[in-house]
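# What the coordinates show
Each chain, written out:
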Amino acid sequence: MVTEVVPAPRPQTSPIKTGRRGGQLLRLITRDKVGLIGLVIVLLMTTAAALAPLIAPYDPTAMSNQRLAPPGGDFLLGADEAGRDLLSRALYGARTSLTVSLIVVTCAGAIGVLLGLLAGFYRGVLDAIITPATDIMFSFPTLLLALAVVAARGPGTENLILALVIVFIPSFARIVRGTAMSVRREPYVESGQAVGLSNTRLILKYILPNSIAPIAVQFTTSLAYAILIEASLGYLGLGVQPPQPSWGSMLSSGKSFMELSVWPSVVPGVCIMIAVLGFNLLGDTLRDVLDPRLRGRSGR
């Protein structure tokens, strides 16, 4: 008697079909006013950072005798204590912050996703090693952990990136581990095991695709948090070093001249606020549109 083997069914966990996923996701985001605002902020800031060498009116490191000049005249947003154009420095600071944050979150996401998949799918010894390690890292305040790593290795862009990558790995690993453990018990995964699919094939075909939604949300919100931590370390003098402009170092240098001019501190502070707001709004909307339960509850 020959038993017919029925192929494992494909999971249907997302309301967005694979072929039109990008277009439908964009439409869902733009239908929501909050998500649209976040998307516009992110796109404008990314464009401004990418085109900083073309649209910045001055060299961000060029000094002049118009120290602490108010907005208007030669400097649209004013000048800092060294007579440098605040608008140009803010544009290049966006370039620095977004580049560092994107590198950090991408690297941390790749490592965290791999660790989460291994811990959630294989369990056993791997889970017993990875999960306690991430729990220990979670027990430290994020900024304090990053500060400790940078302080141990010294200031600089490379050490800043390394510190932030270490800080953000556990959040990705925990989210993906939970998803992997849940999906691993689904009938279609068990059917795939029954027909002889390898563990690698099961992970790539079923586990990882079902983790895309939480990974995307975590990626977006982590960018906002990475900008904040990068600015905080820059403010303490442990981040990107002068003369390269960064929002954190601009805040730090401007605080000593608040009584004479508030603009050297206000400009980078507003930039940080807008950047974090944009990524948070976009991340919240992504969470809503990628989770069918939340979409149904919010009426989107």
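Refer to the structure above for everything that follows.
Summary of the structure given here. (Residues numbered from 1 in each chain as written. Predicted model: local features only at pLDDT ≥ 70, side-chain atom pairs only at ≥ 80, totals over all residues. Heavy atoms only, no water.)

## Topic: helix 7 (residues 157–184)
With 28 residues, helix 7 extends 40 Å between its outermost C-alpha atoms, agreeing within 8% with the 40 Å of an ideal straight helix rising 1.5 Å per residue. Where helix 7 bends most, the angle comes to about 30 degrees, and this point is F168, followed within four residues by the proline P170. (Helix = DSSP H or I, 4+ residues; strand = E, 2+ residues; numbered from the N terminus. Expected span 1.5 Å × (residues − 1). Bend = angle between axes of the 7 residues up to and from the residue.)

## Describing the pattern of salt bridges
Tallied over the full model, the rule gives eight salt bridges. Among the ionic pairs, R123 bridges to D127, the shortest N-O distance being 3.0 Å. Judged by relative accessible area, D127 falls into the buried class, the value being 8%. Because the salt bridges share partners, they merge into one network encompassing D80, E81, R84 and R89. (Salt bridge = Lys/Arg side-chain N within 4 Å of Asp/Glu carboxyl O. Buried < 20%, exposed > 50% of the residue type's maximum accessible area, 1.4 Å probe, protein only.)

## Considerations on the packing of helix 4 (residues 86–122) against helix 5 (residues 124–138)
The contact between helix 4 and helix 5 brings their axes to 7 Å, and the two run at 135 degrees. It follows from the interaxial angle that helix 4 and helix 5 lie oblique. Crossing angle aside, the handedness with which helix 4 passes helix 5 is left-handed. For the pair formed by helix 4 and helix 5, the contact residues are L115, L118, A119 and Y122 on the first element and G124, L126, D127, I130 and T131 on the second. Split into classes, the residues belonging to the contact of helix 4 with helix 5 amount to six nonpolar, two polar and one charged. (Axes fitted to C-alpha atoms, helices over the stretch in contact; angles between N-to-C directions. Parallel < 35°, antiparallel > 145°, perpendicular 65-115°, else oblique. Left-handed = near helix turned anticlockwise from the far one by under 90°. Contact = heavy atoms within 4.5 Å. Nonpolar A, V, L, I, M, F, W, Y, C, P; charged D, E, K, R; others polar.)

## Thoughts on the nonpolar core
Counting residues in each nonpolar core, the largest one holds 50 residues, and the members touching the most others are V104, L164, F168, I227, L233, W247 and F279. Mapped onto this core, the elements with two or more residues apiece are helix 1 (21–31), helix 2 (33–50), helix 4, helix 6 (142–153), helix 7, helix 9 (199–235), helix 10 (247–254) and helix 11 (263–290). Among the elements that line this core, the one with the most residues is helix 11, at 10 residues. Beyond its immediate chain neighbours, meaning those up to four positions away, I227 contacts S97, L98, S101, W247, A275, V276 and F279. Residues V176, Y188, I207 and I215 belong to the second largest nonpolar core, which totals 13 residues. (Core = buried A, V, L, I, M, F, W, Y, C linked by side-chain atoms within 4.5 Å.)

## A closer look at the packing of aromatic side chains
As enumerated under the stated definition, the model contains four aromatic pairs in all. An angle of 55 degrees between the planes, with centres 5.3 Å apart, marks the rings of Y58 and F75 as tilted. Here Y58, found in the loop between helix 3 (52–55) and helix 4, pairs with F75, found in the loop between helix 3 and helix 4; they are 17 residues apart in sequence, far enough to count as distant. Y58 gets classed as partly exposed once you look at its relative accessible area, which sits at 35%. With a centroid separation of 5.4 Å and an interplanar angle of 45 degrees, the aromatic rings of Y188 and Y206 are classed as tilted. Residue Y188 is found in helix 8 (residues 187–194), and its partner Y206 is found in helix 9; the two are separated by 18 residues along the sequence. (Phe/Tyr/Trp six-rings, centres within 6.5 Å; stacked < 30°, edge-to-face > 60°.)

In short, the description is geometric, and any link to function would need to be established separately.
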